[in-house]
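Examination of the molecular architecture
Spelled out, the chains give:
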Amino acid sequence: MVDKMFKLMDEIYIKSLQSVQKIMINDKHCFELYGYDILLDTNLKPWLLEVNASPSLTASSKEDYELKFGLLDDVLNVIDIESRLTSKEKHIGGFDLIWDDGPVMSDDCGMDCINTAAYASNSHLGCYFDRIKQLRQTHKAANLAKKS
């Protein structure tokens, strides 16, 4: 039931972005960060309430600060100002590439998931992972790829 909930949440992200794809700015020198408000009903069915084009990054607690600091750190890693990545990465910190002109299939990245069969796509919603460790592995793999 929980794995189905995460799959439905992924579908919400993909379908909502596809619905506005033609009016979104498509410039490789720009990016936008969206915040999704999703309500779960008693059957764990997700319902999209709204999409925020400018989500608040103000922290209201220590945990909120850590979450948003990690988010911003991951955004800077995705932007890759230092050109440390190969641009073929499927995971960068807490971000997963789930759509690239079609669904992106997962590779085994050692994340502890509720039900790995539910994660044929590259989404890791509901998985536990150490984002710092993942970033180190990503940068190490990118360095090796650039050297070869």
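Residues numbered from 1 in each chain as written. Predicted model: local features only at pLDDT ≥ 70, side-chain atom pairs only at ≥ 80, totals over all residues. Heavy atoms only, no water.

Across its full length, the protein chain carries three helices and four strands. Shown N-terminal to C-terminal, the secondary structure of the protein chain runs as helices and strands in the order α-β-β-α-β-β-α. For 148 residues, the compact-globule estimate of 2.2 N^0.38 gives 15 Å, and the protein chain sits close to it at 16 Å. Considering only C-alpha atoms, the protein chain reaches an extent of 50 × 40 × 35 Å along its principal axes. Residues counted as buried form 25% of the 148 residues belonging to the protein chain. Of all intrachain contacts in the protein chain linking residues separated by at least 6 positions in sequence, the fraction that spans at least 24 positions is 45%. For the protein chain, the exposed area adds up to about 10700 Å²; of that, 57% sits on carbon and sulfur atoms. (Helix = DSSP H or I, 4+ residues; strand = E, 2+ residues; numbered from the N terminus. Rg over C-alpha atoms; globule rule 2.2 N^0.38 Å. Buried < 20%, exposed > 50% of the residue type's maximum accessible area, 1.4 Å probe, protein only. Contact = heavy atoms within 4.5 Å. Areas by Shrake-Rupley, 256 points an atom, 1.4 Å probe, with all protein chains shown as cover.)

Our focus in this paragraph is the pattern of salt bridges. Under the counting rule described, the total for this entry stands at seven salt bridges. A salt bridge links Lys-68 to Asp-64; its shortest N-O distance comes to 3.2 Å. Of this pair, Lys-68 and Asp-64 both sit in helix H2 (residues 62-79), four residues apart, roughly one helical turn. Neither Lys-68 nor Asp-64 differs from the other in exposure class; each is buried. Here the residues in one salt-bridge network are Lys-7, Glu-11 and Lys-15, joined through shared partners. (Salt bridge = Lys/Arg side-chain N within 4 Å of Asp/Glu carboxyl O.)

With that out of the way, let us pick up unusual backbone geometry. Of note, the phi angle at Ser-83 is positive, near 55 degrees, even though the residue is not glycine. Note that Ser-83 resides in the loop between H2 and strand E3 (91-92). Of note, the phi angle at Ser-87 is positive, near 70 degrees, even though the residue is not glycine. Assignment of secondary structure puts Ser-87 in the loop between H2 and E3. The exposure class assigned to Ser-87 is exposed, which follows from its relative accessible area of 68%.

Bridge count between strand E1 (residues 35-40) and strand E2 (residues 46-52): six bridges; the pairing is antiparallel. Opposite Asp-37, over in E2, you have Glu-50 as the bridge partner. Linking two consecutive strands that pair antiparallel, namely E1 and E2, is a turn of five residues; a positive phi of about 65 degrees is found at Leu-44 within it. (Pairing = 2+ DSSP bridges.)

A contiguous nonpolar surface patch, about 430 Å² in accessible area, is contributed by Phe-31, Leu-76, Ile-79 and Ile-81. In this structure, Ile-79 sits in helix H2. Looking at Ile-79, the relative accessible area reads 37%, which means it is partly exposed. (Patch = residues over 30% accessible without salt bridge, like charges linked within 9 Å, V, L, I, M, F, W, Y side chains within 5 Å.)

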